[in-house]
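Fold and geometry: a report
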Amino acid sequence: MKKMLMLFLLTASLGFSANYKVEVKPNVKIQKEEIEKNNIEIEKAFSEYKKADVSTALKEVDKQINEQKNTVEAMFFGEITKAFLKKREINIKKIEYVSSSKANLIISLKSPVLSNSNFGLDEKDQEKMRKLFKERTGKSMEYLANIPKKEFQEKWLPKLIDIVSERVLEKINNAKKFEEQEDNIRAEKINGKWNIIMNNLK
């Protein structure tokens, strides 16, 4: 109980304005000024880690699209996946110093949530897509039900997917609701520089 009280008083006295908590294990000897400096360096390292993580994920999506020979279906799901990745928010929720050169980080991962399993598209969206399809092709959606499968896949499916993709991307970019998950990573000072250790804590 005494250790918990000491930890609480130390955390409260640090007075950081960042949007995350900072805690120091009771047996760790570290000055406030050093913690403030470390926080800034950890934030910078974490920012670089986020950029690299997203870049790697986007490249993997493009690789998978290429492996599927750039089919319109693969490109559609690829663009949707990339939009989700770009919209995702990853932030530090807590820095816990376990030594003067090591810290455990709790991070928050927030991903946009669409209103239903149909990519968030409702009847109003479907009506807008029908109008767009008519404007761009001069054909109604009903027309598609009476054409050969090969003609539909080669000529009309790409146009239809473009329209659907536009609406879904708009939904993702304007998303207001997010699903939050937490994860644990480590930060470690190596050769005078803070690094993010990507493997999860054991």
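See above for the structure.
Calculation rules
- Residues numbered from 1 in each chain as written.
- Predicted model: local features only at pLDDT ≥ 70, side-chain atom pairs only at ≥ 80, totals over all residues.
- Heavy atoms only, no water.
- Core = buried A, V, L, I, M, F, W, Y, C linked by side-chain atoms within 4.5 Å.
- Buried < 20%, exposed > 50% of the residue type's maximum accessible area, 1.4 Å probe, protein only.
- Helix = DSSP H or I, 4+ residues; strand = E, 2+ residues; numbered from the N terminus.
- Phe/Tyr/Trp six-rings, centres within 6.5 Å; stacked < 30°, edge-to-face > 60°.
- Lys NZ or Arg CZ within 6 Å of the ring centre and 35° of its normal.
- Contact = heavy atoms within 4.5 Å.
- Salt bridge = Lys/Arg side-chain N within 4 Å of Asp/Glu carboxyl O.
- Pairing = 2+ DSSP bridges.
- Axes fitted to C-alpha atoms, helices over the stretch in contact; angles between N-to-C directions.
- Expected span 1.5 Å × (residues − 1).

1. What about the nonpolar core?
By size, the foremost hydrophobic cluster in this structure holds 22 residues, and its most contacted members are Ile-42, Phe-46, Ile-95, Tyr-97, Ala-103, Leu-105 and Ile-196. The element that contributes the greatest number of residues to this core is helix H2 (residues 32-67), accounting for 5 residues. Judged by nonpolar contacts, the second largest core, of 17 residues, contains Leu-157, Leu-160, Ile-161 and Ile-163.

2. A word on the packing of aromatic side chains
One pass over the structure, following the stated rule, counts 5 aromatic pairs. Every member of this aromatic cluster is reached through a ring pair, and the members are Phe-133, Tyr-143 and Trp-156. The aromatic ring of Tyr-143 is capped on one face by Lys-139, whose charged end is 4.7 Å from the ring centroid.

3. Thoughts on the side chain of Lys-82
Summarising the element assignment, Lys-82 is placed in helix H3 (residues 72-87). Note on Lys-82: relative accessible area 14%, which makes it buried. Ignoring sequence-local partners within four residues, the contact set of Lys-82 consists of Leu-58, Val-61 and Asp-62.

4. Notes on the pattern of salt bridges
Taken as a whole and judged by the stated rule, the model has 13 salt bridges. Close ionic contact of Glu-79 with Lys-82 constitutes a salt bridge, the shortest N to O distance being 3.2 Å. Of this pair, Glu-79 and Lys-82 both sit in helix H3, 3 residues apart, roughly one helical turn. Using a relative accessible area of 35% as the deciding quantity, one classes Glu-79 as partly exposed. Counted as one network, the salt bridges with shared partners bring together Asp-125, Arg-167, Glu-170 and Lys-171.

5. Re the environment of Glu-34
Take Glu-34: it is sitting in helix H2. With a relative accessible area of 32%, Glu-34 lands in the partly exposed category. Expressed as a C-alpha distance, the spacing of Glu-34 and Ser-100, which sit 66 residues apart in the sequence, is 8.7 Å.

6. Points about the sheet that holds strand E2 (residues 89-97)
An order of E1-E2-E3-E4-E5 is seen for the 5 strands of this open sheet, with the pairing classed as mixed. The open sheet has two free edges, formed respectively by strand E1 (21-24) and strand E5 (193-197), since each of these has just one partner strand. Direction aside, the axes of adjacent strands within the sheet are offset by 30 degrees on average. As judged from the 4 bridges shared by E1 and E2, these two strands associate in the parallel manner. Considered in E2, the bridge of Glu-23 is made with Glu-96.

7. Considering unusual backbone geometry
You will see that Asn-191, though not glycine, has its phi angle at about 50 degrees, which is positive. Summarising the element assignment, Asn-191 is placed in the loop between strand E4 (178-190) and E5.

8. Comments concerning the pairing of E2
Two elements, E2 and strand E3 (residues 102-112), share 8 bridges in a ladder whose sense is antiparallel. For Lys-94, the partnering residue across the bridge sits in E3 and is Ile-106. Taking the residues between adjacent antiparallel strands as the criterion, E2 and E3 are bridged by 4 residues.

9. Regarding H3
Think of an α-helix as turning once every 3.6 residues; residues three or four places apart then point the same way. With 16 residues, H3 ought to run about 22 Å at 1.5 Å a step, and its terminal C-alpha atoms sit 23 Å apart, in line with that. Taken residue by residue, H3 has Ala-74, Phe-76, Gly-78, Ile-80, Lys-82, Ala-83 and Leu-85 as its buried positions. Residues of H3 that are buried make contact with H2 and helix H5 (149-173).

Any link to function would need more than the numbers given here.
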